[in-house]
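# Summary of structural features
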Amino acid sequence: MTDTTYIRCGKLFPGVGDTVLENQTIVAEDGIITRVAPSKDIPKSADATEQDFSRNFVIPGMIDLHTHLAYGNAKTEEDIDLYSSLEFRAVRGVFFAHQVLSSGFTTIGAPGDSGMVSRAVRDAIDAGLFQGPRIAAAGPYITSRQGLTDWYPTWIGVPTTSIGRLVTNRDEAIEEIRKQVKEGVDTVKIAMDGILRRPNGELVAAFTLDETKAMVDEIHRLGKIAITHARGREATLYAGKAGVDLIFHASEIDDEGLEAVVANKCSICPTFTLLRNYVDFVEPQDPAFRERRNSVWRTEFESAVENLQKVKKAGVPMPIGTDSGFALTPFGEWHARELEIFVDYMGFTPIEALRAATSVGANLVRPSDRVGTLASGFQADVVALDGDPSKNISILLDRSKMKSVLKGGKVTPPAKREYDPGKVSDFTQVISSELYTRERVSKLGYRAPSMHH
Ligand SMILES: [Zn+2]
């Protein structure tokens, strides 16, 4: 028997176009939308369950393409890479996936996680074992000696629990892609740069253009989505020329890079939230940084906004991503902040930002998921809000305004919020976050007997 649901919408933004519709009803059969029509044309039926959002604003379930399910809200890269077993990370990921779903994000990209963690969480949610978003899962980042995730000294190497997999030549890169595809990834992530800069300050790409092309061609030949971390000019250019599907960051993109991105129809996911949270939350008050403010992230934020406004003007698809999973960006907390930043800093209208978080991102997740638009043939993934995000995008960050989240036409129960962070991550052996010189100690107002003059 078909399970039919009528979702009554006071206002409806369907994820595409510019128009907010009024008094519409979405008909879902077994979780898939079969019709969207004026409510007066769809009278109550004894055979259909009613979801009454006739006083609410309804949007598609949102999509955050940059949520690292296995990171565990960690404060350090070491915590992400070293201290937890892969098994614990998967269990932890299940808990946090529910929090992401509860924040109105019914689909995520998990672009780079250790082991098979995000694939395991994806499969457990797909099987109906746990509540969580639909997940487009990657394996560990493919990296070179100059790429992100080969953080540690060469005598430590890249541990098997790391979020990255080091490849030392083209054949190893191709083999790693084939292995990950065999093991069920939806996307393959390449770390296109890291932290090495030339004397002129420019970030160095971790792979040559030829190597990048070879990897992207193989990912595409196997039918998967090619995604990259690329902050620098060179890495972004190579990623664009190689025709990757999605570039994260692209903070230092130049005109040549933009030309390649446009020519090869790449999408760019800026991921401002991590940078902005750092500038707003860490710089002003975190004791670890009080005396040595790190303006690198502020500089990157400001130049990224400037460069990416040109990207927006060129019509490049720009989906939403937050780098959630760090202590700076805990799961379920800040996903919607990226929309707010798009509006406040990038000149997006609220409707443009809503499209970025729905139909635009939908092109970069599992094609079988058919999400991001509320129209016939798509999943009935829906967020019902008290308030109008086309007037005030920030209401998306206010959990009290989130009336209901539906996935596949079914109401999802809200996640339990509390947990003990000290037992979840924070395993790094930090002894202090200050440097306790005698001068510092006396500034702090402590006068030990030995310090009397
Ligand atoms: Zn990331």
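Residues numbered from 1 in each chain as written. Predicted model: local features only at pLDDT ≥ 70, side-chain atom pairs only at ≥ 80, totals over all residues. Heavy atoms only, no water.

### Considerations on the packing of aromatic side chains
Formally: Only centres within 6.5 Å qualify two rings of Phe, Tyr or Trp (six-membered ring in Trp) as a pair; their planes then separate them into stacked at under 30 degrees, edge-to-face at over 60, and tilted for everything else. Runs of H or I in DSSP of at least four residues are treated as helices and runs of E of at least two as strands, each being numbered from the N terminus. Placement of a positive charge over a ring is assigned whenever Lys NZ or Arg CZ falls within 6 Å of the ring centre and within 35 degrees of the normal to the ring plane.
Tallied over the full model, the rule gives eleven aromatic pairs. Ring geometry for Phe301 against Tyr345: centres 5.0 Å apart, planes inclined by 90°, an arrangement best described as edge-to-face. Of this pair, Phe301 sits in helix α9 (residues 296–313) while Tyr345 sits in helix α10 (residues 337–346), placing them 44 residues apart in sequence. Taken together, the ring pairs in this structure connect Phe272, Phe301, Phe342, Tyr345 and Phe348 into an aromatic cluster. Lying over the aromatic face of Phe301, Arg276 brings its terminal NZ or CZ to 4.8 Å of the ring centre.

### Considerations on the coordination of the zinc ion
The following threshold applies: In this analysis a donor is any N, O or S atom within 2.8 Å of a metal ion (3.2 Å for sodium, potassium and calcium), and since water is not included, sites may seem incomplete. Relative accessibility thresholds used throughout: buried, under 20% of the residue-type maximum; exposed, over 50%; partly exposed, between the two (1.4 Å probe, protein chains only).
The zinc ion binds to the protein through His66 (NE2), His68 (NE2) and Asp323 (OD); the donor distances cover 2.0 to 2.3 Å. Here the donor residues of the zinc ion are spaced in sequence according to H-x1-H-x254-D. Residue His68 is located in the loop between β5 (62–64) and α1 (77–81), and its partner Asp323 is located in the loop between α9 and α10; the two are separated by 255 residues in the primary sequence. The pair formed by His68 and Asp323 is uniform in burial state, with each residue classed as buried.

### Considerations on helix α6 (residues 233–242)
For the record, the criterion: The contact rule is simple, with two residues in contact once any of their heavy atoms fall within 4.5 Å.
For α6, the buried fraction is high: eight of the ten residues fall into the buried class. Among the residues of α6, Glu234, Ala235, Thr236, Leu237, Tyr238, Ala239, Gly240 and Ala242 are the ones counted as buried. On its buried face, α6 sits against β11 (193–197), β12 (203–205), α5 (209–221), β13 (225–230), β14 (246–249) and α7 (255–263). Note on α6: the residue one or two positions beyond its end, Gly243, has a positive phi of about 75°.

### Some points on the pattern of salt bridges
Note the threshold: Basic side-chain nitrogens of Lys or Arg form a salt bridge, by our definition, when they fall within 4 Å of a carboxyl oxygen of Asp or Glu.
A full pass over the atoms with the stated rule returns 32 salt bridges. Between Arg122 and Asp123 there is a salt bridge; the shortest N-O distance is 2.8 Å. For Glu283, the salt bridge goes to Arg298, with nearest N and O atoms at 3.1 Å. Of the two residues, Glu283 sits in helix α8 (residues 272–285) while Arg298 sits in helix α9, which places them 15 residues apart along the sequence.

### Some remarks on the sheet that holds strand β3 (residues 32–38)
Filter applied, for reference: Two strands form a pair only when DSSP identifies at least two bridges running between them.
What the seven strands build is an open sheet, ordered β3-β2-β1-β4-β16-β17-β18; its pairing is mixed. What marks the edges here is a single partner per strand, and that holds for β3 and β18 (410–411). With four bridges joining them, strand β16 (residues 382–385) and strand β17 (residues 402–407) adopt antiparallel strand pairing. Pairing of Leu385 across the sheet is with Met402, part of β17.

### Things to note about the sheet that holds β5
Quick reminder of the rule: As a rule, the C-alpha atoms of each element are fitted with a line to give its axis, helices using only the stretch in contact, and angles between N-to-C directions run from 0 to 180 degrees.
Across the sheet, which stays open at both edges, the three strands sit in the order β5-β6-β7 with parallel pairing between neighbours. Whereas interior strands pair on both sides, the edge strands pair on one side only; in this sheet they are β5 and β7 (134–137). Geometrically, the sheet is characterised by an average inter-axis angle of 15° between neighbouring strands, direction not taken into account. For strand β6 (residues 105–110) and β7, the ladder comprises four bridges, and the chain directions are parallel. In the sheet register, Ile108 faces β7, and the bridge partner there is Ile135.

### Observations concerning helix α4 (residues 170–182)
In an α-helix, one full turn covers 3.6 residues, which means residues spaced three or four apart are oriented alike. Formally: In this scheme, a helix's expected span is set at 1.5 Å multiplied by one less than its residue total. Here, the arc refers to the directions that run from the helix axis to the C-beta atoms. Here a polar contact is taken to be a pair of N or O atoms separated by no more than 3.5 Å, where protein atoms must pair a possible hydrogen donor with a possible acceptor and residues adjacent in sequence count only if both atoms sit in side chains.
For α4, with 13 residues, the first-to-last C-alpha span of 18 Å sits near the 18 Å given by 1.5 Å per residue. Along α4, the residues classified as buried are Ala173, Ile174, Glu176, Ile177, Gln180 and Val181. Looking down the long axis of α4, one finds its buried residues gathered within 160° of arc, a one-sided arrangement. Along α4, the residues that are exposed and aim more than 90 degrees away from the buried face are Asp171 and Lys182. The distance from a side-chain oxygen at the start of α4 to the backbone nitrogen of Asp171 is 3.1 Å, and the residue carrying that oxygen is Asn169.

### Some details on the nonpolar core
Heads up, the condition is: In plain words, nonpolar cores are sets of buried Ala, Val, Leu, Ile, Met, Phe, Trp, Tyr and Cys residues tied together by side-chain atoms within 4.5 Å.
Within the largest apolar cluster, 82 residues are counted, with the highest numbers of intra-cluster contacts made by Ile59, Ile268, Phe272, Leu308, Leu339 and Leu396. Top element by residues in this core is helix α2 (residues 86–102). It accounts for six residues. For Leu308, the contacting residues outside a window of four places in its chain are His249, Ala250, Ile253, Ile268, Pro270, Phe272, Met318 and Met346. Core analysis: the next-biggest nonpolar cluster, separate from the first, contains 14 residues, Leu12, Ala28, Phe378 and Val382 among them.

### A word on unusual backbone geometry
The phi dihedral of Thr149 is positive, around 85°, even though this residue is not glycine. Along the polypeptide, Thr149 turns up in the loop between β8 (141–143) and β9 (164–166). Accessibility expressed as a relative area gives 1% for Thr149, which makes it buried. One non-glycine residue, Thr271, lies in the positive phi region at around 60°. Inspection of the secondary structure assignment puts Thr271 in the loop between β15 (267–269) and α8.

### Side note on the environment of Lys179
Within the secondary structure, Lys179 is located in helix α4. As for Lys179 and Leu246, which are separated by 67 residues in sequence, their C-alpha atoms are 21 Å apart.

### A look at the pairing of β14
Convention followed: Here a crossover is taken to be right-handed if, once the strands point away from the viewer, the path from the first strand over the helix to the second is traced clockwise.
Where β13 lies against β14, four bridges are found, and the strand directions are parallel. By the bridge assignment, Thr228 is partnered in β14 with Ile247. In this fold, the crossover linking β13 to β14 by way of α6 has right-handed handedness. Here β14 runs beside β15; their pairing, made up of three bridges, is parallel. The partner of Leu246 across the bridge, within β15, is Ser267. Handedness of the β14-α7-β15 crossover: right-handed.

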